[in-house]
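Fold and contact review
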Amino acid sequence: MTTSETVRAAADFLQQKLSEPPELALVLGSGLGGLADQIQDPVVIPYREIPGFPLSTAPGHAGQFVAGRLAGRRVLCMQGRFHYYEGHEMSAIALPVRVIKALGCQALILTNAAGGVNWDFSVGDFMLITDHINFMGSNPLRGANDDAIGPRFCDMTHVYTPALQDKARAVAARQKVTLREGVYLGYMGPSYETPAEIRAFRTLGADAVGMSTVPEAIAASHCGLPVLGLSLITNMAAGMAGKRLDGDEVIQIANQRGPVFQQLVTGIVAEI
Ligand code: HPA
């Protein structure tokens, strides 16, 4: 369990390092890590220096906070995140989100690379997450509840804040970027899904599938932090494209579409 003391200790540490309190936080998924390089007056804080933080091991993921100004806003970016498949406890994945809330951020933008499940989607599409299905087999709120963080039974009706979704739609329209919408299904990984699983997930109502985001979104809901979720469709999910899935290809597409994705996210940051 993450207690409010663990959260406080990490938040205090970060507060000492930051020159100004952040307004907004972003979790940069595959293809978006480069956004951290566009931050002005960056302050870099490696996760390994933060009390209570786990270490990130996923390929293509740096493990650090980068704080500073983006589109004139005071932002705190997670360059690299913690995944359940790495072996981290769900509560460890929730910790940074709770710290972000404790630092006073008013919104959290969660980004990820995902497989397209909806037949109407194409590789390289962007998807606004309107809801999720937790298929990870666990929940970051499992175990004793710390009432100082949030309630035992957490409402999940509007995990992805409707007002933030509207802002994302408006920015995408202005930038003439097609923004798909749909339900993100969180899968434990690290193996990709089977074609039979993907067919099942489509029947369940999933539009995209990935191995992150869901625990962070649940933790954010729990502590009352508004969330915006954005996926970059790096591949069509297993069995849909008539070829095997390849992690290198996922990273390649993420890097290719990264600049446009970053522009969209920066535009949204300016609006929030
Ligand atoms: N499945 C799960 N996670 C992913 C995928 C996928 O097809 N693509 C990128 N992340």
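Structural notes, computed from the coordinates. Residue numbers here run from 1 along each chain, matching the order of that chain's written sequence. Since the coordinates come from a predicted model, pLDDT governs what is reported: local features require at least 70, and pairs of side-chain atoms require 80 or more to be given and counted, while whole-chain, interface and lining totals use all residues. Hydrogens and waters are ignored; side-chain quantities use all the structure's heavy atoms.

A word on the pattern of salt bridges. Side chains that differ in charge, positive against negative, can pair when their charged atoms come close. A pair is scored as a salt bridge if a Lys or Arg side-chain nitrogen falls within 4 Å of a carboxyl oxygen belonging to Asp or Glu. Scanning all chains against the criterion turns up nine salt bridges. Residue Arg73 pairs with Glu23 through a salt bridge whose shortest N-O separation is 2.9 Å. Here Arg73 is found in strand β4 (residues 73–79), whereas its partner Glu23 is found in the loop between α1 (4–17) and β1 (24–28), with 50 residues between them in sequence. With respect to burial, Arg73 and Glu23 carry one shared label: buried. In this structure, Lys243 engages Glu249 in a salt bridge whose closest nitrogen and oxygen atoms are separated by 2.7 Å. Residue burial is assigned from relative accessible area. The probe radius is 1.4 Å, only protein chains are included, and a residue is buried under 20% of its type maximum, exposed over 50%, and partly exposed in between. Classification of Glu249 by relative accessible area gives partly exposed; the value is 32%. Salt bridges sharing partners connect three or more residues here, namely Asp166, Arg169 and Glu181. Working definition: helices are DSSP H or I runs of at least four residues, strands are E runs of at least two. Numbering for both runs from the N terminus.

Each pair of packed helices gets described by two things: the angle between the helix axes and the distance between those axes. Where helices are involved, their axes are fitted lines through C-alpha atoms of the stretch in contact, as for all axes, and angles between N-to-C directions lie from 0 to 180°. The interhelical angle for the contact between helix α3 (residues 162–174) and helix α6 (residues 247–271), taken along N-to-C directions, is 125°, at an axis separation of 9 Å. Viewed along their axes, α3 and α6 adopt a mutual orientation that is oblique. For the crossing formed where α3 meets α6, the hand is right-handed. On α6, the residues touching Lys167, Ala168, Val171, Ala172 and Arg174 of α3 are Leu264, Gly267, Ile268 and Glu271. In this count, Pro and Cys sit with the nonpolar residues alongside Ala, Val, Leu, Ile, Met, Phe, Trp and Tyr, while Asp, Glu, Lys and Arg are called charged and the others, Gly among them, polar. Of the residues belonging to the contact of α3 with α6, the class tally is five nonpolar, one polar and three charged. What sets the label is the angle itself: under 35 degrees gives roughly parallel, over 145 gives roughly antiparallel, 65 to 115 gives roughly perpendicular, and the rest give oblique. Crossing handedness is read from the near helix: turned anticlockwise from the far helix by less than a right angle, it gives a left-handed crossing, and turned clockwise, a right-handed one. Any two residues whose heavy atoms approach within 4.5 Å at even a single point are treated as in contact.

With that settled, the discussion passes to the site of the ligand. Near the ligand the following residues occur: Ala113, Ala114, Gly115, Tyr192, Glu193, Val209, Gly210, Met211, Thr234, Asn235, Leu245 and Val250. Here a polar contact is recorded for every N or O atom pair within 3.5 Å, except that within protein the pair must consist of a potential hydrogen donor and a potential acceptor, and residues adjacent in sequence are included only if both atoms are side-chain atoms. Between the ligand and the protein, one listed contact pairs a nitrogen atom with a side-chain N or O atom of Glu193 at 2.9 Å. With residues, only the protein chains shown are counted as cover, and all accessible areas are computed by Shrake-Rupley using a 1.4 Å probe. Look at the ligand: alone it shows 260 Å² of surface, and the protein chains cover 94% of it. It is strand β5 (residues 107–116) that provides the largest number of residues to the shell around the ligand, a total of three residues. For this description, a residue counts as near a given molecule or strand if any of its non-hydrogen atoms is within 4 Å of it.

Within β1, five of the five residues are buried, which leaves it mostly tucked inside the rest of the structure. Alternating positions in β1 separate into two faces, Leu24, Leu26 and Leu28 on one and Ala25 and Val27 on the other, with burial throughout. Two strands form a pair only when DSSP identifies at least two bridges running between them. As paired elements, β1 and β4 share five bridges and run parallel to each other. Bridging from a neighbouring strand, Ala25 pairs with Leu76 of β4.

Here we take up α1. Each helix should span, by expectation, one fewer than its residue count multiplied by 1.5 Å. Across its 14 residues, α1 extends 20 Å between first and last C-alpha, which sits within 8% of the 20 Å expected from 1.5 Å per residue. Every buried residue of α1 is listed here: Val7, Ala10, Ala11, Phe13 and Leu14. Angular distribution of buried residues about the axis of α1 spans 160°; they occupy a single face of the element. Of the residues in α1, the exposed ones pointing more than 90 degrees away from the buried face are Glu5 and Gln16. In the core, the buried residues of α1 are packed alongside β2 (40–46), β3 (64–70) and α2 (90–102). To obtain the arc, one takes the directions from the helix axis to the C-beta atoms.

Examined against the element boundaries, Thr6 turns out to sit in helix α1. With relative accessibility at 28%, the residue Thr6 sits in the partly exposed group. Each C-alpha atom of the pair Thr6 and Pro51 lies 7.9 Å from the other, and the pair is 45 residues apart in sequence.

Note the cis peptide between Gly189 and Pro190, where omega equals 0°. Within the chain, Asp41 stands out as a residue other than glycine whose phi angle is a positive 50°. Take Asp41: it is sitting in strand β2. On the accessibility criterion, Asp41 (65% relative accessible area) is exposed. Even without being a glycine, Ala71 presents a positive backbone phi close to 50°. In this structure, Ala71 sits in the loop between β3 and β4. A relative accessible area of 42% means that Ala71 is categorised as partly exposed.

Note on aromatic pairs: each is described by the distance of the centres and the angle between the planes. Each aromatic pair joins two rings of Phe, Tyr and Trp (for Trp, the six-membered one) with centres within 6.5 Å, and gets the label stacked for planes under 30 degrees apart, edge-to-face for over 60, and tilted for any other angle. For the coordinates displayed, the defined rule picks out eight aromatic pairs. A ring pair is formed by Tyr47 and Phe82, whose centres lie 5.1 Å apart and whose planes are at 50°; its orientation type is tilted. On the criterion of sequence distance, the pair formed by Tyr47 in the loop between β2 and β3 and Phe82 in the loop between β4 and α2 is long-range, its members being 35 residues apart. Considered together, Tyr47 and Phe82 belong to a single accessibility category, that of buried residues.

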